[in-house]
Amino acid sequence: MDFNLDETQSDLRDLAAELLGREVTSSRLEAHEASGAPYDAKLWRSLAQAGLLGACLPEEAGGAGLGPVGLAVVLREIGAHVAPVPVQQSLVTALAIARYGSREQREALAPLAEGGLVLASALREPGRDLGAAPTATAREEGGGWVLHGRKSTVSYAAQTSKVLVPATTDEGVGLFLVAPEAMTVRAEQVSTGEPAATLTLDGAPGEPVGARDGEAFAGLRRLALAGIVAVSSGVLAGALALTTEYIRTRRQFDRALAEFQAVTVQIADVYIAGRALDVAVWSGAWRLAEGSAEEAETDLAVAALTVTDPVLKALYTCQHLHGGIGLDVTYPLHRYFAWGKHHAHLLGGVEARLDTIGALV
């Protein structure tokens, strides 16, 4: 199977890498973290102006229609530069709406391409696996739908225009767009420093997206998995690049660290973990784009397991090879480690991922 990107996807990757490499500097990240702002609004506008926010959206929403593979391309670069913007949450949610929503809902995505809209999904619930049917409920009342329940670790919940909420109905699991002001939003801390929240729905009105037969929920979950593993792939790539440069230039006993066999073996393990993840990420994204849901499910499950185990071990190795400087918050490596841990946490950990693969086979 050929995992090389086509010309359009390669151009998208190069554009994202060039823009993020230019704008997401260590000094800018430090300034953002000191500012207390929820995300880098200037970078968000730059991404929109470059067409990166609209690349994955359908043409009727002002996008280029590059779909799940385009999503993976953009999010991998976001992870590689640990960029503090709500791209992952917004694009995953937008692609789910584009796939399952009405024409009016798809057209309403147009402001996202211009940077005028932030979206989020509320897949996680306290004590529940990412793929489990939600305990949150929705019922018809007074000609509309009202939702009850609680959702946890919803990134950028207070900054969104709408949150896409899975809920169980009498017909099955459905998706509903809910305004943040209709819910109780309680701030929650996550290791990346980005804003997150626990949401309590107590009769919140919701707008249905697609049918309530579970298909839209499954589609959102697959897109969310694709987003998490693509970002994680970029995170490890960024940490590897940083570590490779460090061991190339850092000298001990009049020799570069990279000249020691023990070091080269360890950095090779990091490279292998990244390559293994990339194969599963690109295969899963491609199968999603081709509509092969079952095959994509398996590939994304393998990618998710890799994120929760080999990738985390590889990030520990990167820190180890840096010595004490790897733990210094004035050095950029700590951001990659925090992002890696956070995304592994979103996936529920290695045991949850093994259970998922066991159920699939």
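Residues numbered from 1 in each chain as written. Predicted model: local features only at pLDDT ≥ 70, side-chain atom pairs only at ≥ 80, totals over all residues. Heavy atoms only, no water.

## Re the packing of helix 8 (residues 215–249) against helix 11 (residues 310–322)
Packed helix pairs are specified by the crossing angle of their axes together with the interaxial distance, meaning the distance between the axes. As a reminder of what qualifies: Axis lines are fitted to C-alpha atoms, over the contacting stretch for helices. Their N-to-C directions set the angle, which ranges from 0 to 180 degrees. A helix here means a DSSP run of H or I that spans at least four residues, while a strand means a run of E at least two residues long, and both kinds are numbered starting from the N terminus. For classification purposes, angles smaller than 35 degrees are called roughly parallel, those larger than 145 roughly antiparallel, those between 65 and 115 roughly perpendicular, and all remaining angles oblique. Left-handed describes a crossing whose near helix is turned anticlockwise from the far helix by less than a right angle; the clockwise case is right-handed. Contact between two residues is taken to exist if any of their heavy atoms lie within 4.5 Å; hydrogens are not considered. Charged means Asp, Glu, Lys or Arg here, nonpolar means Ala, Val, Leu, Ile, Met, Phe, Trp, Tyr, Cys or Pro, and polar covers whatever is left, Gly included.
The N-to-C vectors of helix 8 and helix 11 enclose an angle of 25 degrees; their axes lie 10 Å apart at closest approach. Judged by the angle between their axes, helix 8 and helix 11 are roughly parallel. Considering the relative orientation of helix 8 and helix 11, their crossing is left-handed. Along the contact surface, helix 8 presents Val235, Leu236, Ala239, Leu240, Leu242, Thr243, Tyr246 and Ile247, while helix 11 presents Val311, Ala314, Leu315, Cys318, Leu321 and His322. Across the contact of helix 8 with helix 11, the residue classes break down as 12 nonpolar, 2 polar and no charged.

## A short note on the nonpolar core
Under the convention used in this document: What we call a nonpolar core is a set of buried Ala, Val, Leu, Ile, Met, Phe, Trp, Tyr and Cys residues that are connected through their side-chain atoms within 4.5 Å. Only protein chains enter the accessibility calculation, which uses a 1.4 Å probe; a residue whose area is less than 20% of its type maximum is buried, one above 50% is exposed, and one in between is partly exposed.
With 98 residues, the main nonpolar core has Leu47, Ile78 and Val87 as its most contacted residues. In terms of residues, this core owes the most to one element, helix 8, which gives 17 residues. With residues near it in sequence (within four places) discarded, valine 87 still touches Trp44, Leu47, Leu53, Val74, Leu75 and Ile78. Membership of the second largest hydrophobic core comes to 18 residues, among which are Trp145, Leu147, Phe176 and Leu201.

## What to know about the UniProt feature "transmembrane region" (unreviewed entry) in the protein
Inclusion rule: UniProt positions are given in the numbering used here, feature names are shortened, and annotations may be inferred rather than shown by experiment.
Cross-referencing UniProt, the feature "transmembrane region" (unreviewed entry) maps to residues 223–242 in the present numbering. Secondary structure content for residues 223–242 is 100% helix and 0% strand, and the end C-alpha separation is 29 Å.

## Things to note about the packing of helix 11 against helix 12 (residues 333–346)
Running from amino to carboxyl end, helix 11 crosses helix 12 at an angle of 160 degrees, the nearest separation of the two axes being 10 Å. Looking at the two axes, helix 11 sits roughly antiparallel to helix 12. Taken as a pair, helix 11 and helix 12 cross one another with a handedness that is left-handed. Facing Leu312, Leu315, Tyr316, Cys318, Gln319 and His322 of helix 11, the residues of helix 12 in contact are Leu333, Tyr336, Phe337, Gly340, Lys341 and Ala344. For the contact of helix 11 with helix 12, the per-class residue count stands at 8 nonpolar, 3 polar and 1 charged.

## A few points about the environment of valine 24
In this fold, valine 24 is placed in the loop between helix 1 (7–23) and helix 2 (26–35). Spatially, the C-alpha atoms of valine 24 and alanine 224 are 24 Å apart, while their sequence positions differ by 200 residues. Those residues in contact with valine 24 that sit more than four places away from it in its chain are Leu29, Leu43, His81 and Ala83.

## Brief notes about empty space enclosed by the protein
The line we're drawing: Using protein atoms alone on a 1 Å grid, points that fit a 1.4 Å probe yet trap it form a cavity, whereas open point sets bounded by protein on both sides within 12 Å along at least five of seven lines form a pocket; residues with an atom within 4 Å of a point count as lining. Grid points are joined across faces, edges and corners, and a volume is the space filled by probe spheres set on the points.
Tallying each qualifying case throughout the model produces 4 cavities of 30 Å³ or more. In this structure, the largest cavity encloses a volume near 270 Å³. If you trace the largest cavity, you find 17 residues lining it, with Gln88, Gln89, Ser121, Ala224 and Leu346 closest to the centre. Mapped by element, the contributors of at least two residues to the lining of the largest cavity are helix 5 (87–100), strand 3 (144–155), helix 8 and helix 12. By residue class, the composition of the lining of the largest cavity is 8 nonpolar, 8 polar and 1 charged.

## A closer look at the UniProt feature "domain: Acyl-CoA dehydrogenase/oxidase N-terminal" (unreviewed entry) in the protein
Taking the numbering used here, the UniProt-annotated feature "domain: Acyl-CoA dehydrogenase/oxidase N-terminal" (unreviewed entry) corresponds to residues 7–114. Taken end to end, residues 7–114 is 68% helix and 0% strand, and its first and last C-alpha atoms sit 24 Å apart.

## Things to note about the packing of aromatic side chains
This is how it is decided: Paired rings are identified among Phe, Tyr and Trp, the last through its six-membered ring, by centres lying within 6.5 Å, and are further divided according to the angle between planes into stacked (under 30 degrees), edge-to-face (over 60) and tilted (the rest). In this scheme, Lys NZ or Arg CZ marks a charge over a ring once it lies within 6 Å of the ring centre and within 35 degrees of the ring normal.
Within this structure, the stated rule accounts for 4 aromatic pairs. With centroids separated by 4.9 Å and ring planes inclined at 75 degrees, the aromatic side chains of tyrosine 316 and phenylalanine 337 adopt a geometry described as edge-to-face. Of this pair, tyrosine 316 sits in helix 11 while phenylalanine 337 sits in helix 12; the two residues are 21 residues apart in sequence, bridging distant segments of the chain. The class of tyrosine 316 is partly exposed, set by a relative accessible area of 45%. Following the ring pairs from residue to residue traces out a cluster consisting of Tyr39, Trp44 and Tyr156. The ring centre of phenylalanine 260 lies 4.4 Å from the NZ or CZ of arginine 255, which sits over that ring.

## A word on the pattern of salt bridges
The condition that has to hold: Think of a salt bridge as a Lys or Arg side-chain nitrogen and an Asp or Glu carboxyl oxygen that are within 4 Å of each other.
Going through the model one piece at a time under the given rule, you end up with 19 salt bridges. Arginine 353 serves as the salt-bridge partner of aspartate 129, at 3.2 Å between the closest nitrogen and oxygen. Taken as a pair, aspartate 129 in the loop between strand 1 (119–121) and strand 2 (137–141) and arginine 353 in helix 13 (residues 350–360) lie far apart in primary sequence, 224 residues in all. Looking at aspartate 129, the relative accessible area reads 30%, which means it is partly exposed. A single salt-bridge network, built from bridges that share partners, covers Glu18, Arg22, Glu23, Arg28 and Asp40.

## Details of the domain arrangement of the protein
Our working rule: Per the annotation, domain bounds derive from an automatic or database assignment of domains.
Parsing the protein into structural domains produces domain 1 (7–117), domain 2 (121–212) and domain 3 (216–360). Just the C-alpha atoms count here: the centres of domain 1 and domain 3 sit 21 Å apart. Contacts between the two partners involve 22 residues from domain 1, matched on the other side by 26 residues from domain 3. Remark: the boundary between domain 1 and domain 3 carries 2 salt bridges. One salt bridge connects aspartate 278 with arginine 76, and the closest N-O pair in it is separated by 3.2 Å. Counting only elements with at least two residues in the side of domain 1 that touches domain 3, the list comes to helix 2, helix 4 (67–80) and helix 5. A breakdown of the residues in the side of domain 1 that touches domain 3 according to their chemical character gives 15 nonpolar, 4 polar and 3 charged.

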